[in-house]
Amino acid sequence: MKYITTIWSTLLLITALVLLRVYDPSGFIEQIRLNTFDQYIKTLPQEKSNDIVIVNIGENSFESIGQFPWPRQEYAQMISDLRQVNAGYVGFTIMFPEPDRFGGDKIFSQYMENNGIILSQDADNNGRADSAPYVGHALFGTSDPLDFIYKYNGIVANIKYLEQEAWGIGLINASPEVDNITRRIPLMTNVKDEIYPSFALELTRLNMDQLSYTIKSNEAGIESVVVRPFEIPTDSDGSIWLKWNTEFEEIEYERLMPGYDNLEGKTVIIGVSASGLGAQIPTPGGLMNPNQLQAVALQTILSDNPSSRPLWADSIEILVSGILALLL
């Protein structure tokens, strides 16, 4: 007992717990932090989105229209049908990196022209595109955001014939976690030393009728991203924490949108929900399709009450680790 209570044992315990917090071997502390975050999110009251509608391409869609992938003119028909029921901006989480083998790109691009369409891209080190269209941005602060945000050497882009008609184009990447559960998305990404916005950030910019966005940073990393009237707090790497307490209206697409008379100008996010055609994403809210995840990301921003982890949280955790060790 006398060895356990010596000053050297005390100092050793303090040092061990502080180092455990600082270096976090095997992600032990990070996993505790993430599980705690999940519990916080579960305490939020459930809400219903008044801003977003999810349109799924599922088994009933295939039965009604035909096997997948569809000719691109089918997406032109989808845009026409959504306009007939007063949809707002229309975002596709489906990508179109190759020309349509059925020759439907021309009519698809014609329906995209001046029609509020947002396309998606994927930052990937194996992506064949070196660059892609991106929206301008302003910088405010004392550091370069390129030093902090996620970096990739390539991008999976759509064919230029379609991208030149889109009103916005954004990345659908998520932020990796130690347990492979998606809780965050980066609002911007570094691809070959150029900053590209996320899909959710582009939809926010368009919904707020803004031409650009502002990145605020300091010596510790990114502070926030500003899309007036929103100032979105981020982690130092430009990621935001997602909130899983929103229920969305979901529609499985069929031609002419039977049973839906008026979507009241809500933003529509389209994706594939049929089993076996796309990997589902594990989240604290359960398995999600990419368009569902992007709906959560956009709603998190539009709720104007995002969850965030302040930059001083690390210092507080280290201090608490030291105090706990001293008490022990």
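This is a predicted model, so every value here is computed, not measured.

Novice: Could you clarify how one ought to interpret a negative patch on the surface in this entry?
Specialist: A surface patch of like charges, here negative, comprises Asp144, Asp147, Asp193 and Glu194. Tracing the chain through its elements places Glu194 in strand 10 (residues 194-197). With relative accessibility at 32%, the residue Glu194 sits in the partly exposed group.

Novice: Before we go on, may I ask you to explain the nonpolar core in this structure?
Specialist: Buried together is how nonpolar side chains tend to be arranged in soluble globular proteins. In terms of nonpolar packing, the biggest core is built from 42 residues, with Leu187, Tyr213 and Leu242 touching the most fellow members. Mapped by element, the contributors of at least two residues to this core are helix 2 (28-42), strand 1 (47-57), helix 7 (199-207), strand 11 (213-218), strand 12 (221-227), strand 13 (230-233), strand 14 (239-241) and helix 8 (290-302). Broken down by element, the residue count for this core peaks at seven residues, all from helix 8. When neighbours within four sequence positions are excluded, Leu242 is seen to be in contact with Phe37, Ile41, Arg183, Arg184, Ile185, Leu293, Val296, Ala297 and Thr300. Among the nonpolar cores identified, the runner-up in size contains 32 residues, and Trp70, Tyr253, Met257 and Val268 belong to it.

Novice: Sorry if this is basic, but what is going on with the pattern of salt bridges here?
Specialist: Close approach of charged atoms allows side chains with opposite charge to pair. All told, the structure shown has ten salt bridges when counted by the stated rule. Taken together, the shared-partner salt bridges in this structure form one network comprising Glu30, Arg33, Glu177, Arg184 and Asp235.

Novice: Honestly, unusual backbone geometry in this entry has me stumped. Any pointers?
Specialist: The phi torsion of most residues other than glycine is negative, and most of the peptide bonds are trans. Cis geometry is found at the peptide bond from Phe68 to Pro69, where omega equals 5°. Of the consecutive residues Arg228 and Pro229, the connecting peptide bond is found in the cis state with omega at 10°. Mapped onto the fold, Pro229 is located in the loop between strand 12 and strand 13. The phi angle at Asn86 is positive, at roughly 65°, despite the residue not being glycine. Residue placement: Asn86 occurs in the loop between helix 4 (72-84) and strand 2 (90-92). Classification of Asn86 by relative accessible area gives partly exposed; the value is 39%.

How each quantity is defined
Every chain's residues receive numbers from 1 upward, in the order its sequence appears when written. Thresholds applied to this predicted model are a pLDDT of at least 70 for local features of residues and 80 or more for the giving and counting of side-chain atom pairs; totals over whole chains, interfaces and linings are not thresholded and use all residues. Values reported for side chains reflect all heavy atoms of the structure, with hydrogen atoms and water molecules removed beforehand. To count toward a patch, a residue needs a relative accessible area over 30% and no salt bridge; like charges are then connected within 9 Å, while nonpolar side chains (Val, Leu, Ile, Met, Phe, Trp, Tyr) are connected within 5 Å. Only the protein chains shown count as covering a residue, and every accessible area follows the Shrake-Rupley method with a 1.4 Å probe. Just to be clear on terms, a salt bridge is a Lys or Arg side-chain nitrogen sitting within 4 Å of an Asp or Glu carboxyl oxygen. Residues scored as positive are Lys and Arg, those scored as negative are Asp and Glu, and His as well as the terminal groups of each chain are ignored. Charged side chains are reduced to one point each, which is NZ for Lys, CZ for Arg, CG for Asp and CD for Glu. A run of DSSP states H or I qualifies as a helix once it reaches four residues; a run of E qualifies as a strand once it reaches two. Both are numbered from the N-terminal end. The buried label applies to any residue whose accessible area, calculated with a 1.4 Å probe on protein chains only, is under 20% of its type's maximum; exposed applies above 50%, and partly exposed to all values in between. Definition of nonpolar core: a set of buried residues of the types Ala, Val, Leu, Ile, Met, Phe, Trp, Tyr and Cys, connected through side-chain atoms within 4.5 Å. The contact criterion used is simple: two residues touch if any of their non-hydrogen atoms lie within 4.5 Å.

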